[in-house]
Every structure is written in C-alpha cells, then in structure tokens.
Amino acid sequence: GCAREENLSTMILLTHNMLASPMKEAGKQLPLGIEAVEVQEIEREFNPDFLRNMINRLDYDALVAAATTLKVQEGLPATVEALDTSDNDVLKKLHHALLQVDVVSGFLVCTETGRKFPIAAGIPNMLLNQDEI
C-alpha cells in the first residue's frame, strides 16, 4: 500500500529528472545518481494529460536509470519511442515511477565528480561548500 499525500515538494523522480549537478566540473550536466537509504511510496492522483505533456520534457533515459536503481522500472518501456501514450496501463507505470516513489533519505551523486548531496526528509541539499564554488 501507498501512503496518501498530495505534497509534491518531496524527492520524487520527476524532481530528480529536472536537477543537475551544481559542481563546476560537471560540464555536461549528466543526470545525478541516486543512493537511496529510505524510499516511501505515496499515492498521488493519476493525471494522464499531465504525463503526456511531461514526456517530451523528461530525460527519459535518466528516468529509466533512476527507476531501475530504485527497483520501480517494471512496466516502463526501455525507450521513450516505445512509450505508448494512448495506453493508460503504461501511463500508470510512468505515473508510479515519476510521481509516487519518494526518496526520503539518501544521496544524489554527481556522476562526474562523485560529490554526494544529502537527501533528508525528502529534500535534497544541493548547496556547495565554499571551496567548491
């Protein structure tokens, strides 16, 4: 079962997909890795139109990689081209991975530098230390 909550200010994969490493060495803005310590599933309202509108804004490969890391990739097509937006079952799998899996604690990891950014209470801390600016 999922907990019921409408607050989207948590570290969900939609948020993860929009973040990039603030490290100056991370020139390519590669997706951040995830090291999850605690993950919670939260039930959120299914909105197929929202998902259809978001698909082209996503780094879909990064989403699949993050979903695989969190073991919630089941039912997600491997590529965005294989994603059938007219199939509600597929959209529900996308909805689950993108909006219902909340990383409560752990780390976001810059894939280029290895720098870890802590996630606490579902909020990532992306602030750099003075010597990293």
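Everything below is about the structure printed above this text.
The structure displayed is predicted, hence computed values, not measured ones. (Residues numbered from 1 in each chain as written. Predicted model: local features only at pLDDT ≥ 70, side-chain atom pairs only at ≥ 80, totals over all residues. Heavy atoms only, no water.)

## Some words on the environment of Ile 42
Logical step 1: As for its position among the elements, Ile 42 is in strand β2 (residues 33-43).
Logical step 2: Once the C-alpha coordinates of Ile 42 and Leu 32 are considered, the two residues, 10 residues apart in sequence, prove to be 22 Å apart. (Helix = DSSP H or I, 4+ residues; strand = E, 2+ residues; numbered from the N terminus.)

## What to know about the environment of Thr 85
Logical step 1: Following the sequence through the fold, Thr 85 ends up in the loop between α3 (60-69) and α4 (88-100).
Logical step 2: Relative accessible area serves as the criterion here: at 32%, Thr 85 is assigned to the partly exposed category.
Logical step 3: In this structure the C-alpha to C-alpha distance between Thr 85 and Val 104, which are 19 residues apart in sequence, comes to 29 Å.
Logical step 4: Setting aside residues up to four positions removed in sequence, Thr 85 forms contacts with Arg 52, Ile 55 and Leu 91. (Buried < 20%, exposed > 50% of the residue type's maximum accessible area, 1.4 Å probe, protein only. Contact = heavy atoms within 4.5 Å.)

## Regarding the nonpolar core
Logical step 1: Counting 33 residues, the largest nonpolar core has Leu 13, Leu 94, Leu 98 and Leu 108 as its most contacted members.
Logical step 2: Listed by contribution, the elements that provide at least two residues to this core are α1 (13-18), α2 (48-54), α3, α4, β3 (101-109) and β4 (116-120).
Logical step 3: If you tally residues by element for this core, the top one is α4, at six residues.
Logical step 4: Apart from the residues within four sequence positions on either side, Leu 94 is in contact with Leu 51, Ile 55, Tyr 60, Leu 63, Leu 76 and Leu 83. (Core = buried A, V, L, I, M, F, W, Y, C linked by side-chain atoms within 4.5 Å.)

By themselves, these figures tell us nothing about what the structure is for.
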